[in-house]
Amino acid sequence: MSLRNAYDLWADAHAFFDSALLPDTGQADPLAAQTAAWRKRLTDETPNGSLLRKNALFDSLSSDGKLHLLHVTHALEEISKDGVLYPSGGCLVGSIYCAPLTATDHGFRMHNLAAYVLTKEAPASLAKVGLSGRAPTPLIFEITAPPQAYRGLAGVDYLRLGSIHLQIYTDLEYLLSKTERHHLRETVVGRIKNSAAFLALAAGIVYQGSTVATEGFLQLLDAAIPRLPILGYLYFEALAEYLMLHSTSERTRQLSDLGEFNNWLYKEMLFASFPDMAGKFNLARFRPRPQQLATLLQRVDPTIDADHARSYLVERISYLVAARLFTSGQVPEAWHRTRWEFDSLATQLGPLLGHLIHRELRSFGRYPDFYFYFDQHKALQAWNYWNHMDIVAPFNGTMPKGEIGINPAYPNLDYRVWRAEPDDAGHLHPAEQLTLSIAPRLVDIKYTLMRNSSR
């Protein structure tokens, strides 16, 4: 893959909230009008849509001052012994997963996402692995961005990484045996073929304006998620987006005044419906049953209109399927004429194939041996792009929730780190400055839970 193509792929994977940085293919984007309509709808026609353009996260990223971030770890003793903090994979690819802190006269105020991770999610993760007696440790990072650092808004939309996953597999498939390659190709093609009814329905809604009963759509989605695990991620992001944009609860309004989306909504929704996800965040298993969705939404936030949410999800998930899983610039042909073979599907459904391959590789018996090569290769590409763009702190670009990372490969990264302690009011205070270095190498998959808190 050429350097130019690599930059194009990563530009496509970055979400810019005012304009999309996309490669110029010379072809009209069949989704351009719908993308613009969705941007206007989300920003201008929802109770909290103004936060998509102006929020505390964006203000901190575009400021010339120091950036203060919270990172939560379960294993400070082990990290301190090595003196090295490693990034991990996930929605922020290969960065140190953090959330914003705001300096006040009373200490550092945590973004509500940071507060949830520290006080709810991290303790639940420890309890799940039998370490309920161990407390998670908050670390305060102070990042000083150099004058040339990028001040714009560049966030990684991990839902757009399908094409990158496919390209990496194409580059590294020689690591697999002929039998493994054949099995992998046949498996992902079979998964798509057996999910054609749902994919065709979503495409019909987006490209032909088809109408469908909400219940029928959600039932098909529910049935398709085990075969196409990436749909669990799309479902989660669409539902989280809806909750944050449409909640009118008092707590949501209070957080909005602070420039923050209410992250507790989707966190509570996730762990209320799937408590076993604590510590793993395996969204491939996210599939609230259609008949239970209304009850779940009311339990999380009584201000949510469940019927409106369900109708919204039909439209939004269909759009995300077309925009994130189909090859950019192409409209799928009649599904009954589809050639169910890998190379043919790669032409029209390349991103979907990439997501499926990335997921399927995890089930291979030799995956721990391959993890470094496949995911480290992806991280290397991300670091190359971030450094090329002078990006010190990429954020999760699906929504400005507060998920923000530290680029571990940034040249001469200027930072300080402290172990922190919370006070009775929930503010954090630096307690001990630590001598830690951030290494541009992914943490071993076997130690991800114990070393770092990563979405």
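Everything discussed here concerns the structure shown above.
Report follows, based on the coordinates.

Conventions and cut-offs
Residues numbered from 1 in each chain as written. Predicted model: local features only at pLDDT ≥ 70, side-chain atom pairs only at ≥ 80, totals over all residues. Heavy atoms only, no water. 1 Å grid on protein atoms, 1.4 Å probe; cavity = no way out; pocket = protein on both sides within 12 Å on 5 of 7 lines; lining within 4 Å. Points joined across faces, edges and corners; volume = space filled by probe spheres on them. Nonpolar A, V, L, I, M, F, W, Y, C, P; charged D, E, K, R; others polar. Pairing = 2+ DSSP bridges. Helix = DSSP H or I, 4+ residues; strand = E, 2+ residues; numbered from the N terminus. Core = buried A, V, L, I, M, F, W, Y, C linked by side-chain atoms within 4.5 Å. Buried < 20%, exposed > 50% of the residue type's maximum accessible area, 1.4 Å probe, protein only. Contact = heavy atoms within 4.5 Å. Axes fitted to C-alpha atoms, helices over the stretch in contact; angles between N-to-C directions. Parallel < 35°, antiparallel > 145°, perpendicular 65-115°, else oblique.

### Here we look at empty space enclosed by the protein
- Considering all chains together, one arrives at 4 cavities of 30 Å³ or more under this definition.
- Estimated volume of the largest cavity: approximately 200 Å³.
- Forming the walls of the largest cavity are 17 residues, and the residues nearest its centre are Leu61, Leu67, Tyr150, Val392 and Ala393.
- Of the residues that constitute the lining of the largest cavity, the class distribution is 12 nonpolar, 4 polar and 1 charged.
- Within this model, the second largest cavity holds a volume of roughly 60 Å³.
- Around the second largest cavity sit His165, Ile168, Tyr169, Ile357, His358, Leu361, Phe374, Asp375 and Lys378, which together line it.
- Looking at the lining of the second largest cavity residue by residue, the classes come out as 5 nonpolar, 2 polar and 2 charged.

### A closer look at the pairing of strand β4 (residues 96-104)
- Here strand β2 (residues 67-73) pairs with β4 via 2 bridges, running antiparallel. Bridge assignment links leucine 69 to a residue of β4, and that residue is proline 100.
- Pairing analysis gives 3 bridges linking β4 to strand β9 (residues 404-406), with the strands arranged antiparallel. Counterpart to isoleucine 96 in the pairing with β9 is isoleucine 406.

### Examining the pairing of strand β11 (residues 428-434)
- Note: strand β10 (residues 414-422) against β11, 6 bridges, orientation antiparallel. Its bridge partner being in β11, alanine 420 is matched across the sheet by proline 430.
- The hairpin formed by β10 and β11 contains 5 residues between the paired strands, and glycine 426 there has a positive phi angle of roughly 90 degrees.

### Description of the nonpolar core
- If you look at the biggest cluster of nonpolar residues, it comprises 119 residues, and the most contacted ones within it are Tyr235, Phe286 and Val321.
- The residues contacting tyrosine 235, other than those within four sequence positions of it, are Leu218, Leu221, Ile225, Phe286, Arg287, Pro288, Leu293, Leu313 and Ile317.
- Leu57, Phe141, Phe395 and Tyr410 belong to the second-largest nonpolar core, a separate cluster that totals 26 residues.

### Details of the packing of helix α8 (residues 196-207) against helix α14 (residues 306-325)
- α14 packs onto α8 with a crossing angle of 100 degrees between their chain directions and a minimal axis gap of 8 Å. The angle between α8 and α14 places the two elements in the roughly perpendicular class. Two secondary-structure elements touch here, α8 through Phe198, Leu199, Ala202, Ile205, Val206 and Tyr207 and α14 through Val314, Ile317, Ser318, Tyr319, Val321 and Ala322.
- Across the contact of α8 with α14, the residue classes break down as 11 nonpolar, 1 polar and no charged.

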